[in-house]
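# Structure assessment
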Amino acid sequence: MSHRRSAAREHRSSLPARLERRNALFQQWQALLTNRTKRARSGEMIIQGVRPITQAIAHGVEIRALLSDGRDQASRWARELLEDPPGPVVELAPELMAELGEREGGAPELLALAAVPSDTLDRLTPTDASVVVVFDRPSGPGNIGSLARSADAFGAEALLITGHSADAWDPAAIRASTGSLFALPVLRIPSHREVLEWIGARRALGEQWTVLGLDETGGHELSLEDLAGPTLVVIGNETVGMSAGWREACDVIAEIPIGGSASSLNAAVAGSVALYEIQRQRRPTRRG
């Protein structure tokens, strides 16, 4: 048994049934909201919101504790979860729940303490029509969540976050994704090299992957590219675009024509447009 797994079991077995005041355990949970290092060390995150919690449970995320404000008149959603909880239930004083829920309008009914999923590329099970999205060095957690939502909506296989970036498991990212971060593999990868090794291994199996980069001066219009085969879509940092390593690795760099006074599209928006275009090209032709 791994050290992390045994530590998680010990942590669960030591959870109190009710927490009335701030103590060391509460401070640990509170740190998960703002401290990326604490999330990395503990391998845990706080999930806020009805849909994100529901999505996390539905997609098999390990729930290490379900936190409840203990209200008498709970919603049907909360009652059903508490009747058959996915993990130990800890009741918190409402003011503590309000702090963890980061809400000024009162305490949320439920929060979830969950394990952060692994970042191994072995989680991917690509096909000859897969689309994998790469977000290179994103600086904003909200953009990560927004792109995850689009990746989920348009049927992408996974979202890979490469390089030094914002954290995909920041509460702001989870909220922006409305739970889609749990609906597909979201992996944090050190650099482009690991992803390109994976692509090389897939190509060695005969899969014809295209590495498509997005850039406002790409020189190739996105809609004119053939995107029918397995595709790795690379979206660069919101300010400086793709790294030199990714730019060199691309088979084609495409642009999305825009008008008006805007100089460029938001990175998550550009990724969404590309994902829509891929889906459009692969949609069966409708006959009148």
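Residues numbered from 1 in each chain as written. Predicted model: local features only at pLDDT ≥ 70, side-chain atom pairs only at ≥ 80, totals over all residues. Heavy atoms only, no water.

## Describing the sheet that holds strand E5 (residues 110-115)
Filter applied, for reference: Strand pairing is defined by DSSP finding a minimum of two bridges between the two strands. The helix and strand labels rest on DSSP assignments: H or I over at least four residues marks a helix, E over at least two residues marks a strand, and numbering proceeds from the N terminus.
A sheet is described by the order of its strands in space; here 5 strands give the open sequence E1-E4-E3-E5-E2, paired in mixed fashion. The sheet terminates laterally at strand E1 (18-19) and strand E2 (44-47), the two strands that pair on one side only. Examined bridge by bridge, E1 and strand E4 (residues 89-92) share 2 bridges and lie parallel to one another. Each bridged residue has a counterpart across the sheet, and for Leu19 the counterpart in E4 is Leu92.

## A look at a nonpolar patch on the surface
Basically, it comes down to this: Within the patch definition used here, like charges are joined within 9 Å and nonpolar side chains (Val, Leu, Ile, Met, Phe, Trp, Tyr) within 5 Å, considering only residues with over 30% relative accessible area and no salt bridge. With residues, only the protein chains shown are counted as cover, and all accessible areas are computed by Shrake-Rupley using a 1.4 Å probe. Salt bridge criterion: a side-chain nitrogen from Lys or Arg within 4 Å of a carboxyl oxygen from Asp or Glu. Exposed residues in this analysis have more than 50% of their type's maximum accessible area, buried residues have under 20%, and partly exposed residues fall in between, with area computed by a 1.4 Å probe over protein chains only.
A cluster of nonpolar residues, Ile258, Leu265, Val269 and Val273, forms a patch on the protein surface that exposes about 270 Å² of accessible area. Tracing the sequence through the fold places Leu265 in the loop between strand E12 (252-255) and helix H11 (267-282). The partly exposed category is assigned to Leu265, whose relative accessible area is 34%.

## Quick notes on the confidence of the model for the protein
Applicable threshold: Across the chain, each position has a pLDDT score giving the predictor's confidence in that residue, from 0 to 100. Any pair of residues with heavy atoms lying within 4.5 Å of one another is described as a contacting pair.
Averaged over all residues, the pLDDT of the protein is 92; the fraction at 70 or higher stands at 94%. Between residues 1-10, whose pLDDT stays under 50, and residues either more than four places distant or in other chains, the model counts 7 contacts.

## Concerning the sheet that holds strand E6 (residues 131-136)
Using the following cut-off: Angles shown run from 0 to 180 degrees and are taken between the N-to-C directions of axes, each axis being a line fitted to C-alpha atoms and, for helices, limited to the stretch in contact.
Taken in spatial order, the 7 strands make up an open sheet running E8-E7-E6-E11-E9-E12-E10, and their pairing is parallel. Two strands close off the open sheet at either side, each with one partner strand: strand E8 (186-189) and strand E10 (220-221). One ladder, built from 3 bridges, connects strand E9 (residues 210-214) with E12; its direction is parallel. Directly across from Gly213, in E12, lies its bridge partner Ile253. Along the sheet, H11 makes contact with E6, E9 and strand E11 (231-235), crossing E11 at roughly 160°.

## So, the pattern of salt bridges
Counted according to the given criterion, the structure contains 17 salt bridges. The partner of Arg18 in a salt bridge is Glu20, with the nearest N and O atoms 2.3 Å apart. Assessed through its relative accessible area of 34%, Arg18 is described here as partly exposed. Among the residues examined, Glu20 registers a relative accessible area of 42% and is labelled partly exposed. For Glu62, the salt bridge goes to Arg64, with nearest N and O atoms at 3.2 Å. Exposure remark for Glu62: the relative accessible area of 35% places this residue in the partly exposed category. For Arg64, a relative accessible area of 5% gives the class buried.

## Details of the packing of aromatic side chains
The condition that has to hold: Any two of the Phe, Tyr and Trp rings considered here, Trp counted by its six-membered ring, make a pair once their centres fall within 6.5 Å; the pair's planes then place it as stacked at under 30 degrees, edge-to-face at over 60, or tilted in between.
Summed over the entire model, instances satisfying the criterion amount to 3 aromatic pairs. Ring plane angle 70° and centroid distance 6.0 Å describe the contact between Phe154 and Tyr276, whose orientation is recorded as edge-to-face. You can see Phe154 sitting in the loop between helix H7 (141-153) and strand E7 (158-162) and its partner Tyr276 sitting in helix H11, a full 122 residues away along the chain. Given a relative accessible area of 39%, Tyr276 falls into the partly exposed group. A ring pair is formed by Trp198 and Trp209, whose centres lie 5.5 Å apart and whose planes are at 70°; its orientation type is edge-to-face. Within this pair, whereas Trp198 is found in helix H9 (residues 192-204), its partner Trp209 is found in the loop between H9 and E9, the two being separated by 11 residues in sequence.

## Describing the UniProt feature "domain: tRNA/rRNA methyltransferase SpoU type" (unreviewed entry) in the protein
Using the following cut-off: UniProt positions are given in the numbering used here, feature names are shortened, and annotations may be inferred rather than shown by experiment.
Mapped onto the present numbering, the UniProt feature "domain: tRNA/rRNA methyltransferase SpoU type" (unreviewed entry) falls at residues 131-276. Here residues 131-276 runs as 34% helix and 21% strand, with 11 Å between its end C-alpha atoms.

## Points about unusual backbone geometry
Look at Arg137: it is not a glycine, yet its phi comes out positive at around 55°. With respect to the element layout, Arg137 can be found in the loop between E6 and H7. Phi at Thr178 is positive, roughly 50°, even though this residue is not glycine. Relative to the elements of secondary structure, Thr178 occurs in the loop between helix H8 (171-177) and E8. Classification of Thr178 as partly exposed rests on a relative accessible area of 22%.

## Here we look at the environment of Asp226
Using the following cut-off: Nitrogen and oxygen atoms within 3.5 Å of one another constitute a polar contact, given that in protein one can donate a hydrogen and the other can accept it, and given that sequence-neighbouring residues count only through two side-chain atoms.
Relative to the helices and strands, Asp226 is located in the loop between E10 and E11. For Asp226 and Thr210, which are 16 residues apart along the polypeptide, the C-alpha to C-alpha distance reads 9.5 Å. Only 3.2 Å separates the side chain of Asp226 from the backbone nitrogen of Ala228, close enough to count as a polar contact.

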